[in-house]
Amino acid sequence: MQILSIQNLTKTFESEKGIISVLDNISLEIEKGDIFGVIGLSGVGKSTLVRCINLLEKANSGVINYTRYINDKIKDTVDISILSNEELRNYRKEVSMIFQDFNLLNQKTVFENIEFPLTLSKGYKRNQEAINKIERLLKLVGLENKKKAYPSELSGGQKQRVAIARALVNNPKILLCDECTSALDPTTAFSILDLLQKLNKELGLTIIIIAHQMSVIERICNKVAILADHKVVEQGEVAQVFLNPKTNAAKSLIYSGHIRTKLHDSHLLKLEFNGDTDSPVVANIIQECNILVSIVYANSFVVDDKIYGQMIIKLPYYDNDIDKLKKYLNIKKIKYKEVSTDELDESFRSH
Amino acid sequence: MNWMNLLEAIKDTLLMTTISTIIAYLIGLPTGIILYNSSKKGLKPNKIINTILGTIVNIFRSIPCLLLIIIFIPVTNVIFGKGSWSGNWYSMIVPLVAASFAFIARMVEQSLTEVPYGVVEASKSLGASNLQIVTKVLLSEAKPSLISGFAVTIVSIIGYTSFAGYIAGGGLIVEAFNLGYYGTNKFGMWICILFVVIIVQIIQESGLYLSKRIDKRRK
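Here the structure is a predicted model, which is why all the values come from computation and not from measurement.

A.B. asks: How would you explain the overall build of chain B if you had to name every residue and give the values?
C.D. replies: Broken down by element type, chain B carries 10 helices and 0 strands. Helices and strands in chain B line up, N terminus first, as α-α-α-α-α-α-α-α-α-α. For chain B, buried positions account for 42% of its 219 residues. Restricting the contact set of chain B to residue pairs at least 6 apart, pairs at least 24 apart contribute 73%.

A.B. asks: Provide a residue-level description of the overall build of chain A, including the pertinent values.
C.D. replies: Looking only at helices and strands, chain A features 12 helices and 14 strands. Each principal axis of the C-alpha atoms in chain A carries an extent, and together these give about 80 × 50 × 40 Å. By residue count, 37% of the 351 residues in chain A fall in the buried class. Here the contacts in chain A between residues at least 6 apart in sequence split such that 68% fall between residues at least 24 apart.

A.B. asks: How would you explain the sheet that holds strand β6 (residues 95-98) of chain A if you had to name every residue and give the values?
C.D. replies: Strand pairing in a sheet relies on backbone hydrogen bonds, with the paired strands running either antiparallel or parallel. Residues and elements named next belong to chain A. Taken together, the 6 strands give an open sheet; going across it, the order is β6-β7-β8-β3-β9-β10, and neighbouring strands pair in mixed fashion. The sheet terminates laterally at β6 and β10 (231-237), the two strands that pair on one side only. Direction aside, the axes of adjacent strands within the sheet are offset by 15° on average. Pairing between strand β3 (residues 35-39) and strand β8 (residues 206-211): 5 bridges, direction parallel. In the strand pairing of β8, V38 is matched with I210.

A.B. asks: Talk me through the packing of helix α3 (residues 110-119) of chain A against helix α5 (residues 156-168) of chain A; I want residue IDs and the actual numbers.
C.D. replies: Residue and element names in this part refer to chain A. In contact at an axis separation of 7 Å, α3 and α5 are set at 30° when each is read in the N-to-C sense. Here α3 is positioned roughly parallel relative to α5, judged by the angle of their axes. For the pair α3 and α5, the crossing hand works out as right-handed. Together, V110, N113, I114, F116 and P117 of α3 and V162, A165 and R166 of α5 make up the contact between the two elements.

A.B. asks: Got a sec to walk through the domain arrangement of chain A? Specific residues and values, please.
C.D. replies: What the domain assignment reports for chain A is domain 1 (2-237) and domain 2 (257-349). A straight line from the C-alpha centre of domain 1 of chain A to that of domain 2 of chain A covers 38 Å.

A.B. asks: So what's going on with the interface of chain A and chain B? Residues and values would help.
C.D. replies: Listed by partner, the interface residues are 21 residues for chain A and 20 residues for chain B. If you list the elements that add at least two residues to the side of chain A that touches chain B, you get α2 (85-94), β6 and α3 of chain A. With 4 residues, α2(A) is the single largest residue contributor to the side of chain A that touches chain B. Across the side of chain A that touches chain B, the residue classes break down as 8 nonpolar, 8 polar and 5 charged.

A.B. asks: Which residues make up helix α4 (residues 128-140) of chain A, and what values go with them?
C.D. replies: Residues and elements named next belong to chain A. For α4, which comprises 13 residues, the first-to-last C-alpha distance of 18 Å matches the rise-based estimate of 18 Å (1.5 Å per residue) to within 8%. The inward-facing, buried residues of α4 abut α3 and α5. After α4 finishes, the residue G142 shows a positive phi value of roughly 75°.

A.B. asks: Explain the environment of A:E234 to me, using residue names and the numbers behind them.
C.D. replies: Residues and elements named next belong to chain A. Inspection of the secondary structure puts E234 in strand β10. Placed 15 residues apart in sequence, E234 and A249 show a C-alpha to C-alpha distance of 9.0 Å. What E234 contacts, discounting residues up to four positions off in sequence, is I226, V241, P245, K246, T247 and A250.

A.B. asks: Tell me about the confidence of the model for chain A, residues and numbers included.
C.D. replies: As a general rule, the predicted coordinates of low-pLDDT regions are not to be interpreted in detail. Residue and element names in this part refer to chain A. When pLDDT is averaged along chain A, the result is 86, and 91% of the positions lie at 70 or above. Below pLDDT 50 for its whole length, residues 259-264 participates in 11 contacts with residues either more than four positions away or in separate chains. Low pLDDT, under 50, characterises residues 347-351; the stretch is placed with 11 contacts to residues that sit more than four places away or in other chains.

A.B. asks: Could you give an account of the environment of B:I191, with specific residues and numbers?
C.D. replies: Mapped onto the secondary structure, B:I191 falls in helix α10 (residues 186-214). Distance in space between the C-alpha atoms of B:I191 and B:L172 is 9.6 Å, their sequence separation being 19 residues.

A.B. asks: Quick rundown of the pairing of β10(A)? Include the residues and the values.
C.D. replies: Within a regular beta strand, the side chains point alternately toward one face of the sheet and then the other, so they alternate between its two faces. Relative to β10(A), strand β9 (residues 223-228) of chain A is paired through 6 bridges, and the arrangement is antiparallel. By the bridge assignment for β10(A), A:K223 is matched with A:E237.

A.B. asks: For the nonpolar core, give the residues involved together with the corresponding values.
C.D. replies: Side chains of nonpolar character tend, in soluble globular proteins, to be buried together. By size, the foremost hydrophobic cluster in this structure holds 131 residues, and its most contacted members are A:C177, A:I208, A:I226 and B:A164. The element best represented in this core is helix α5 (residues 93-113) of chain B, accounting for 14 residues. If near-sequence neighbours (up to four positions away) are discounted, B:A164 is found in contact with B:M16, B:I69, B:W89, B:M92, B:P95 and B:L96.

A.B. asks: Please give an account of the packing of helix α6 (residues 117-125) of chain B against helix α7 (residues 130-141) of chain B that cites residues and values.
C.D. replies: All names here are of chain B. At their nearest, the axes of α6 and α7 sit 11 Å apart, and the two run at 155° to each other. One element, α6, and the other, α7, form an angle in the roughly antiparallel class. In this structure, the crossing between α6 and α7 has a hand that is right-handed. Of the residues in α7, those touching α6 at V119, V120, S123 and K124 are I133, V137 and E141. When grouped by side-chain class, the residues that make up the contact of α6 with α7 number 4 nonpolar, 1 polar and 2 charged.

A.B. asks: If you had to explain the sheet that holds strand β4 (residues 61-70) of chain A to someone new, which residues and values would you point to?
C.D. replies: All names here are of chain A. One open sheet holds the 4 strands; their spatial order is β2-β1-β4-β5, and the pairing between them is antiparallel. Sheet topology places β2 (18-31) and β5 (73-79) at the edges, where each strand pairs with a single neighbour. In this sheet, adjacent strand axes meet at a mean angle of 20° when their direction is disregarded. Note: strand β1 (residues 2-15) against β2, 10 bridges, orientation antiparallel. Each bridged residue has a counterpart across the sheet, and for Q2 the counterpart in β2 is E31. Sheet strands touched by helix α1 (residues 46-53): β1, β2 and β4. Its angle to β2, the strand with the most contacts, is close to 65°.

A.B. asks: Describe the environment of B:M92, with residues and values.
C.D. replies: All names here are of chain B. Relative to the helices and strands, M92 is located in the loop between α4 (73-80) and α5. Considering only alpha carbons, one finds M92 and V120, 28 residues apart in sequence, at a separation of 40 Å. When sequence neighbours within four positions are dropped, the list of residues in contact with M92 reads M16, I69, A164, I167 and A168.

A.B. asks: Outline helix α6 (residues 186-203) of chain A, supporting the account with residue identities and numerical values.
C.D. replies: Between the first and last C-alpha of α6(A) there are 25 Å, a value that for 18 residues agrees with the 26 Å anticipated at 1.5 Å per step. For α6(A), the elements touching its buried residues are α5, β7 (174-178), β8 and α7 (214-220) of chain A.

A.B. asks: Give me the lowdown on unusual backbone geometry, citing residues and values where you can.
C.D. replies: Residues and elements named next belong to chain A. Of note, N8 is a non-glycine position whose phi angle comes to about 50°, a positive value. Along the chain, the position of N8 falls in strand β1. Its identity is not glycine, yet K333 carries a phi of approximately 55°, on the positive side. Tracing the sequence through the fold places K333 in the loop between α11 (319-331) and β14 (335-339). Judged by local crowding, K333 falls into the exposed class, with 9 C-beta atoms found within 10 Å.

Thresholds applied
Residues numbered from 1 in each chain as written. Chains lettered and ligands numbered in written order. Predicted model: local features only at pLDDT ≥ 70, side-chain atom pairs only at ≥ 80, totals over all residues. Helix = DSSP H or I, 4+ residues; strand = E, 2+ residues; numbered from the N terminus. Buried ≥ 20, exposed ≤ 12 C-beta atoms within 10 Å, placed from the backbone. Contact = placed C-beta atoms within 7 Å. Pairing = 2+ DSSP bridges. Axes fitted to C-alpha atoms, helices over the stretch in contact; angles between N-to-C directions. Parallel < 35°, antiparallel > 145°, perpendicular 65-115°, else oblique. Left-handed = near helix turned anticlockwise from the far one by under 90°. Domains from an automatic or database assignment. Nonpolar A, V, L, I, M, F, W, Y, C, P; charged D, E, K, R; others polar. Expected span 1.5 Å × (residues − 1). pLDDT = per-residue confidence, 0-100. Core = buried A, V, L, I, M, F, W, Y, C linked by C-beta atoms within 7 Å.

And the structure:
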């Protein structure tokens, strides 16, 4: 069930050097309940994309259609570029956003920060219902004892939790996360991602998350789009894109920082684990085939509670060893593919 | 030393300052808000409005208060009646306001600029209208800075009242001037100066104290 459909979105900026294209013909389909990751290197237009989605930035051309549902039945679909000012403000209440720098109101308490979006509605009064709602949210993000604290008294992770609660107070359908974990240390970042995943599961919240680290996407996303050169170069299910990156941009993002060894003149074999493998593969190869293999790259991640992984190993030198290895992999039903050094080199060099 | 005169002078200075400050803020605060919001980073960038308003503010800021009083004599005449304003400090309100509103406008603009842009953007993304952003975000987040700016403004308006008092009569500074320059009562002059210093000190320090007190950013 589609909730957001982006078609041929184009955005240019004027600068001293002339017109710069930031988003070049971007098309994405986001379904209800997705945790959709958008990844790419800095300056590729990821943030602009998410800012176009809630119209903090206006695209030059292209369409963004937003579909509303009532009990899983389509209520209406709107083209967000033609919303009136008031409709836009209501749309923003349904598609809210969190930021890298949290952007909390520094002169207001945690409670008042979360209350802030409510106070924007006409005739709002702080009644028991509102108080209960805010307290429920505080509990949901794990800050029930920080109600009266000011942002300056909170850690980065706590600030982002407040921002999340604030973004949720109007019961949005989509949450946009613009590099929301980039300012946090890895442990805190993961706890925020886990919280987002919990919101996705418990509230059915659709999440669009912008990141430049693969670890973010791996951890929580079910779908991913890879941006390079201001275009979408690959998109699809995370497992599928990660196990079979086709473009160099995707490869360099996925393997980035993993391979440091010189790979000249070596033949490589890429093994894929698709969630069914549950045995110590390398150890078995060494024991059962009596071949020594060295691992060049290995990675695994969990999508929908299944473990996916891939490993690139150097092929043995002798042909009969190679045959033995392939036969073994066939028997064990492990997918493999020979990859060339050039192909990998190409994608690493761009780093 | 006539203590009744001193009391009268203190009262005149305080009243002159208070009334001009209030009226000047009524004009200067909205002007500052418009200046900020019509600028490139504002909520409704508008080069024409920004340039026109900015130029007007600059003109008023570049003319010294004493000259403004003279320039405004025809206006003062129309409002308070020709010749009748001499000796009545309240007739100096118009040039005092003219001299201070521009200063206030720039102070307010500066305070609003200090609010992180991301906070404004976040409020927008949460569905706030421009008016709500001004009232609920900008002014409220800039409050500590606005208050310390308020104290600085009052102190400079006290300075302006000396010119007003000199032309129309009244106020502590003129009293000091009269006693020290025309008269021979140097002691009286120093007493007046002492009171001016005390008033300025109280306003400046309480402004800073209040600003720090309500600022939740540093703890």
